[in-house]
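Chain by chain, the residues run as shown.
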Amino acid sequence: MTPAEQSAAALKVCQLAPVVPVLVIDDLAHAAPLAKALVAGGLPALEVTLRTPVALDAIRAMADVEGGTVGAGTLLTPADVKAAKRAGATFGVSPGATDSLIKACEDEGLPLLPGAVTATEIMTLLERGYTVQKFFPAEQSGGAAFLKSIGSPIPQVKFCPTGGISLKNAPDYLSLKNILCVGGSWVAPKEAMATGDWAAITRLAAEARALR
Ligand code: 3PG
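- Looking at an unreviewed UniProt entry, one finds the chain named 2-dehydro-3-deoxy-phosphogluconate aldolase and attributed to Paragemmobacter kunshanensis.
- Taken directly from UniProt, the Subunit (unreviewed entry) text for the chain runs: "Homotrimer."
- Its UniProt record gives the chain a comment under Pathway (unreviewed entry), which states: "Carbohydrate acid metabolism; 2-dehydro-3-deoxy-D-gluconate degradation; D-glyceraldehyde 3-phosphate and pyruvate from 2-dehydro-3-deoxy-D-gluconate: step 2/2."

Listed below in structure tokens is the structure:
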């Protein structure tokens, strides 16, 4: 997959909804009902972080949920990329971007949303052909004010910021021309998952969907 194809595919994912839920799944039994609850609320693009032992199996379980587009987050190594692809992930997200990680995604045909937070990192990815990037950790790296400023010299790069974003500050990001969507874990609180309160998660998803 070429960088242009990668960016086109990442763009499509980011255009599905204003918010991409960032999911940390501890219990495999939560995977399918969680995906169904989020899709029902209007959030089809789901990022399952590879931070728990069940993450890959969760991707497998969620890949079957109708209407969902399931990706793998926290990709750090080429091995992560291969495992995510094998589990059925249709896109990948990484906190930063290394040559080996990008190459693995291109070789495996897994569209990547690569992370960047400085002008040089953003330009380096752009030089390689990546026009859709993740901005992480967003709030800690200058937030919406930084993204607004970087949009003047580098308007051709569009972002999905994540990290510290909530229903309250999401509009600050979504009102900017260079923001496609935001990512966040607030739509899938641990307590709601633990108690199986899927209706509450659908409500949070619907609220997030209505942001745009
Ligand atoms: C992450 O990778 O943890 C995401 O950026 C989500 O951050 P949040 O929990 O602050 O929404």
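1. Digging into the nonpolar core
- Formed by 60 residues in total, the largest nonpolar core has its most connected members in Leu23, Leu34, Val48, Met62, Leu75 and Val182.
- Ranked by the residues each element gives to this core, the list is headed by helix α2 (residues 31-40), at five residues.
- When residues no more than four places from it in sequence are discounted, the contact partners of Leu34 are Leu23, Ile25, Ala188, Met193, Trp198 and Ile201.
- Formed by twelve residues, the second largest nonpolar core is a distinct cluster that contains Ala10, Val13, Leu113 and Leu180.

2. Describing the side chain of Gln133
- Considering the arrangement of structural elements, one finds Gln133 in strand β6 (residues 132-135).
- A distance of 3.2 Å separates the side chain of Gln133 from the backbone oxygen of Ile122, its partner in a polar contact.

3. Thoughts on the sheet that holds strand β1 (residues 19-23)
- Strand order in the open sheet formed by six strands is β5-β4-β3-β2-β1-β8, with parallel pairing between adjacent strands. Of all the strands in the sheet, the pair left with one neighbour each is β5 (112-113) and β8 (182-184).
- In this sheet, β8 lies alongside β1 in parallel orientation, the contact comprising three bridges. Paired with Val19 across the strands is Val182, a residue of β8.
- Sheet contacts for helix α3 (residues 55-63): β1, β2 (45-49) and β3 (69-73); angle to β2, the most-contacted strand, approximately 160°.

Rules used in this analysis
- Going along each chain's sequence as written, the residues are numbered from 1 onward.
- Given that the model is predicted, a residue must reach a pLDDT of at least 70 before its local features are reported, and side-chain atom pairs must reach 80 or more before they are shown or counted; all residues, however, enter totals for whole chains, interfaces and linings.
- Remark: hydrogens and water are excluded; side-chain values derive from all non-hydrogen atoms of the structure.
- UniProt positions are given in the numbering used here, feature names are shortened, and annotations may be inferred rather than shown by experiment.
- What we call a nonpolar core is a set of buried Ala, Val, Leu, Ile, Met, Phe, Trp, Tyr and Cys residues that are connected through their side-chain atoms within 4.5 Å.
- Burial here depends on accessible area, computed with a 1.4 Å probe over protein chains only, as a share of the maximum for the residue type. Under 20% is buried, over 50% is exposed, and the range in between is partly exposed.
- The helix and strand labels rest on DSSP assignments: H or I over at least four residues marks a helix, E over at least two residues marks a strand, and numbering proceeds from the N terminus.
- Two residues qualify as a contact provided that any one of their heavy atoms is within 4.5 Å of a heavy atom in the partner residue.
- In the analysis that follows, any N or O atom pair within 3.5 Å is treated as a polar contact, provided that within protein one partner can donate a hydrogen and the other can accept it, and provided that, for residues neighboring in sequence, both atoms belong to side chains.
- Two strands qualify as a pair provided DSSP detects at least 2 bridges between them.
- Note on definitions: angles span 0 to 180 degrees between N-to-C directions of axes, and those axes are lines fitted to C-alpha atoms, for helices only across the stretch in contact.

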